[in-house]
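Descriptive analysis of the structure
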Amino acid sequence: MSVHEPSPSASSPSSAGMAGVAGHRPGASRAPGMVPIVLRSMWRRGEGKFALTVLGLWLAVAAVSIVWVPRPLSETDGYHVWAAPSAGHWLGTDGTGADVFSWLMAGSRTNLLIVVLTVLFAAAFGMLLVAAMVARSTALASTSVVVVDALISIPTVLLALILAVPLGASITVIVVACGFGYGLNLARVARPTALLAARSSYVESALANGASGSRVFAAHILPNIMPVLSVQLSLSAGTAVLAESGLTYLGIGVPSGVPSWGHSLATSVKFINVYPLTVLWPGLIVTLVVVALNVFGDLLRDAADPLSNPTLRSAGAAGSADAPDAADASGAEVAPGTAKELS
């Protein structure tokens, strides 16, 4: 009878502990189940009610405008130009006799599309830069930091003007120009938090156990920078609304004939002294939405932080208590071929 004892490397406490640490995913408690907690925390505050109500109305109006607007956008009435609000035209008409309310409704979905595309572009570009800035390659990380610091000084308007030369006035110009600038800013803001996570013991353990760099970034670094990411992107959304208005006014944003809040402002601002109401409505909408997005970002910073949100901290602690101990689980596993065999 011969006995095959387990190999020391398979049963050593250090190996089991490292496997347990590598299996831990900080930030995993911030799962989608935490979203209702964050939203409820924001709703309890007066400014939170304002922000969520305005943004909810924006989404609702944009959705409704896809299938219905009070009057066709192509309908004009030359006999009732610059008309005051009435039962037939709730917010009056513009210089062509078109219904202002219908154009603002249709413009809400254009602005929403621009904001969503800009935020997605900024998030993808920013995360790519963050991954390069915290790379284990010192040369790549240092070069990325220098490149970001150099490119972040380029004004968004200048980049939009350069893009408008080959592309002309288009939504693409707004999305690329704004997304590029916001992505650079996002990378710069998120880099310190990402560096702390990249230099942590659980990341080192995961890499030592053979995890790829992309998997470590997605599983360990990205969850830690999600609060910073969400706040910065919500603030960027408000800036994108302002950028659309400004670039469209300059003639390099939304093309003529496409409804948007910036287009409504650009076509009526020259008559502000004679017909101020046509400028008031789009200006008021842009102001409310931008303020709501900025308030949303500020509140999200507090609501998504367990240190300042006791409800979120309690939920995270409960989730951690219910989760199985990764270290114990890994230590209890028996590797194939290491059990005692009797022959």
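Residues numbered from 1 in each chain as written. Predicted model: local features only at pLDDT ≥ 70, side-chain atom pairs only at ≥ 80, totals over all residues. Heavy atoms only, no water.

**A short note on the side chain of His263**
The criterion, for reference: Labels follow the DSSP assignment, with helices taken as runs of H or I lasting at least four residues and strands as runs of E lasting at least two, numbered in each case from the N terminus. Classification of residues uses two cut-offs on accessible area relative to the type maximum, computed with a 1.4 Å probe and protein chains only: under 20% is buried, over 50% is exposed, and between them is partly exposed. Residue contacts follow a heavy-atom distance rule, with two residues in contact if any of their heavy atoms lie within 4.5 Å.
Structurally, the position occupied by His263 is in helix α11 (residues 261–268). Classification of His263 as buried rests on a relative accessible area of 14%. Excluding anything up to four places from it in sequence, His263 contacts Trp103, Glu244, Thr248, Pro255, Ser256, Gly257 and Val258.

**Comments concerning empty space enclosed by the protein**
Once rolled over the atoms, a probe with the size of a water molecule shows which space is left empty. Basically, it comes down to this: A 1.4 Å probe that fits but cannot get out identifies a cavity on a 1 Å grid over protein atoms alone, an open set with protein on both sides within 12 Å along at least five of seven lines counts as a pocket, and a residue lines either if it has an atom within 4 Å of a point. Grid points are joined across faces, edges and corners, and a volume is the space filled by probe spheres set on the points. In the scheme used here, Gly and all other residues not listed as nonpolar or charged are polar, with Ala, Val, Leu, Ile, Met, Phe, Trp, Tyr, Cys and Pro taken as nonpolar and Asp, Glu, Lys and Arg as charged.
As enumerated under the stated definition, the model contains 1 cavity of 30 Å³ or more in all. If you add up the space inside the largest cavity, you get close to 40 Å³. Around the largest cavity, the lining residues are Leu151, Ile154, Pro155, Thr156, Leu159, Ala177, Phe180, Gly181 and Leu184. When residues of the lining of the largest cavity are traced back to their parent elements, those giving at least two are α7 (156–167) and α8 (171–198). Sort the elements by how many residues they give to the lining of the largest cavity and α8 lands first, with 4 residues. Across the lining of the largest cavity, the residue classes tally to 7 nonpolar, 2 polar and no charged.

**Let's talk about the UniProt feature "transmembrane region" (unreviewed entry) in the protein chain**
Note the threshold: UniProt positions are given in the numbering used here, feature names are shortened, and annotations may be inferred rather than shown by experiment.
Annotation from UniProt places "transmembrane region" (unreviewed entry) at residues 50–69, 112–134, 146–165, 171–190 and 274–296. Along residues 112–134 the backbone is 96% helical and 0% strand, and the end-to-end C-alpha distance reaches 33 Å. With 100% helix and 0% strand, residues 171–190 has its two end C-alpha atoms placed 27 Å apart.

**So, the environment of Met42**
Considering the arrangement of structural elements, one finds Met42 in helix α3 (residues 34–43). C-alpha of Met42 to C-alpha of Leu300: the two residues are 258 residues apart in sequence and 7.3 Å apart in space. In this structure, Met42 is in contact with Gly48, Lys49, Leu52, Phe296, Leu299, Leu300 and Ala303, ignoring residues within four places of it in sequence.

**Here we look at the packing of aromatic side chains**
To keep it simple, the criterion reads: Aromatic rings from Phe, Tyr and Trp, with only the six-membered ring used for Trp, were paired whenever their centres fell within 6.5 Å, and each pair was classed as stacked if the ring planes differed by under 30 degrees, edge-to-face if by over 60, and tilted otherwise.
What the rule picks out here adds up to 6 aromatic pairs. Aromatic side chains Trp58 and Trp261 sit 5.6 Å apart centroid to centroid with 40 degrees between the ring planes, which places their arrangement in the tilted category. Pair noted here: Trp58 is in helix α4 (residues 46–67) and Trp261 is in helix α11, with a separation of 203 residues, a long-range link. Residue class for Trp261 comes out buried when judged on its relative accessible area of 2%. Judged by centre distance (6.4 Å) and plane angle (40 degrees), the rings of Phe121 and Phe125 are tilted. With a gap of 4 residues between them, Phe121 and Phe125 both fall in helix α5 (residues 100–133), about one helical turn apart. An aromatic cluster is defined as three or more aromatic residues linked by ring pairs; in this entry it consists of Trp82, Phe271 and Tyr275.

**Regarding the pattern of salt bridges**
Two side chains with opposite charge may pair up if their charged atoms get near one another. Our working rule: A pairing counts as a salt bridge when a side-chain nitrogen of Lys or Arg comes within 4 Å of a carboxyl oxygen of Asp or Glu.
Inspection of the entire model under this criterion finds 6 salt bridges. A salt bridge links Glu47 to Arg45; its shortest N-O distance comes to 2.8 Å. On the accessibility criterion, Arg45 (37% relative accessible area) is partly exposed. Of the charged contacts, one joins Asp298 and Arg301 as a salt bridge, the two residues approaching to 3.3 Å between their closest N and O atoms. Of the two residues, Asp298 and Arg301 both sit in helix α12 (residues 277–303), 3 residues apart, roughly one turn of that helix. For Arg301, a relative accessible area of 40% gives the class partly exposed. Residues joined in a network through salt bridges with shared partners are Arg45, Glu47 and Asp302.

**Concerning unusual backbone geometry**
The backbone of Trp82 shows a phi angle near 50 degrees, a positive value even though the residue is not glycine. Looking at the element boundaries, Trp82 is found in the loop between α4 and α5. Take Trp82: its relative accessible area is 15%, and that puts it in the buried class.

**Thoughts on the environment of Ala243**
For Ala243, the position within the fold is in helix α10 (residues 213–250). Among the residues examined, Ala243 registers a relative accessible area of 15% and is labelled buried. A C-alpha to C-alpha distance of 7.5 Å links Ala243 and Ile174, two positions 69 residues apart in sequence. Excluding residues within four positions of it along the chain, Ala243 makes contact with Cys178 and Tyr182.

**Some remarks on a nonpolar patch on the surface**
To keep it simple, the criterion reads: A patch consists of residues exposed above 30% relative accessible area that lack any salt bridge, with like charges linked at up to 9 Å and nonpolar side chains (Val, Leu, Ile, Met, Phe, Trp, Tyr) linked at up to 5 Å. Note on areas: Shrake-Rupley with a 1.4 Å probe; residue coverage comes only from the protein chains shown.
Together, Phe50, Leu277, Leu280, Leu284, Leu288 and Val291 line one region of the surface with nonpolar side chains, adding up to about 450 Å² of accessible area. Broken down by element, the nonpolar patch gets its largest block of residues, 5 residues, from α12. Looking at the element boundaries, Val291 is found in helix α12.

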